[in-house]
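In case you want the letters, here they are:
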Amino acid sequence: VQLQAYGGGLVQPGGSLRLSCAASGSIFKINAMDWYRQAPGKQRELVAHITSGGSTNYADSVKGRFTISRINAKNTVYLQMNSLKPEDKAVYYCNAHLYTPDLRRAKYWGQGTQVTVSS
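Just so it is clear, the model here is predicted, and its values are computed rather than measured.

**What to know about the overall build of the protein**
Then comes step 1: Counting secondary structure elements, the protein contains zero helices and 11 strands.
Then comes step 2: Helices and strands in the protein line up, N terminus first, as β-β-β-β-β-β-β-β-β-β-β.
Then comes step 3: At 14 Å, the protein has a C-alpha radius of gyration in line with the 14 Å of a compact globule built from 119 residues.
Then comes step 4: The principal-axis extent of the C-alpha atoms belonging to the protein is close to 50 × 25 × 25 Å.
Then comes step 5: Expressed as a percentage of contacts within the protein between residues at least 6 apart in sequence, the contacts between residues at least 24 apart total 54%.
Then comes step 6: As presented, the protein carries roughly 6400 Å² of accessible surface, and 47% of it is formed by carbon and sulfur atoms.
Then comes step 7: Charge-centre separation for the protein: the mean point of 14 positive side chains lies 4 Å from the mean point of 6 negative side chains.

**Some words on the side chain of Arg70**
Then comes step 1: Tracing the backbone through its elements, the reader meets Arg70 in strand β7 (residues 66-71).
Then comes step 2: Asp34 is the oppositely charged side chain nearest to the buried, salt-bridge-free Arg70, at an N-O distance of 8.1 Å.
Then comes step 3: Engagement of the side chain of Arg70 in a polar contact is seen with the backbone oxygen of Asn31, the distance being 2.5 Å.
Then comes step 4: Side chain to side chain, Arg70 and Asn72 meet in a polar contact 2.6 Å long.
Then comes step 5: If we skip the residues at most four places from it in the chain, Arg70 touches Ile30, Asn31, Ala32, Met33, Ile50, Thr51, Ser52, Thr76, Val77 and Tyr78.

**Comments concerning the nonpolar core**
Then comes step 1: Formed by 31 residues in total, the largest nonpolar core has its most connected members in Trp35, Val47, Phe66, Val77, Leu79, Met81 and Tyr92.
Then comes step 2: Mapped by element, the contributors of at least two residues to this core are β1 (2-6), β3 (17-24), β4 (29-38), β5 (45-50), β7, β8 (76-81), β9 (90-99) and β11 (113-117).
Then comes step 3: Here this core takes five residues from β9, the largest share from any one element.
Then comes step 4: Not counting residues within four places of it along the chain, the set of residues in contact with Phe66 comprises Arg37, Val47, Tyr58, Leu79, Gln80, Met81, Asn82, Leu84, Asp88 and Tyr92.

Rules used in this analysis
- Residues numbered from 1 in each chain as written.
- Predicted model: local features only at pLDDT ≥ 70, side-chain atom pairs only at ≥ 80, totals over all residues.
- Heavy atoms only, no water.
- Helix = DSSP H or I, 4+ residues; strand = E, 2+ residues; numbered from the N terminus.
- Rg over C-alpha atoms; globule rule 2.2 N^0.38 Å.
- Contact = heavy atoms within 4.5 Å.
- Areas by Shrake-Rupley, 256 points an atom, 1.4 Å probe, with all protein chains shown as cover.
- Lys, Arg positive; Asp, Glu negative; His and termini not counted.
- Charge placed at Lys NZ, Arg CZ, Asp CG, Glu CD.
- Buried < 20%, exposed > 50% of the residue type's maximum accessible area, 1.4 Å probe, protein only.
- Salt bridge = Lys/Arg side-chain N within 4 Å of Asp/Glu carboxyl O.
- Polar contact = N/O pair within 3.5 Å; in protein donor to acceptor, adjacent residues only side chain to side chain.
- Core = buried A, V, L, I, M, F, W, Y, C linked by side-chain atoms within 4.5 Å.

Geometric values such as these leave the question of function open.
In structure tokens:
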């Protein structure tokens, strides 16, 4: 199983970015999918969570600015980030909670994509 994240980059404060993360490989079903981020010198933190049914949760710091969504048929999760702030600068990671074809539960991480917010 591989998770490929992309869409990061450099954006000015107040700008927007859309991150994507596609899962591929031996997957029976993906349950929840998450976006985390890790800023330099800080612990990795959960940014947004979405269940297979579409229920979502967000960190307080991003509520009202970020939106997580997914397309189950494509095993893909998105993170739309609006009104970006310098403190949103971090490496963003996706992960997937899934079942393999032999019905093992597993959790996989993507490789991370850098988001920099600076003027």
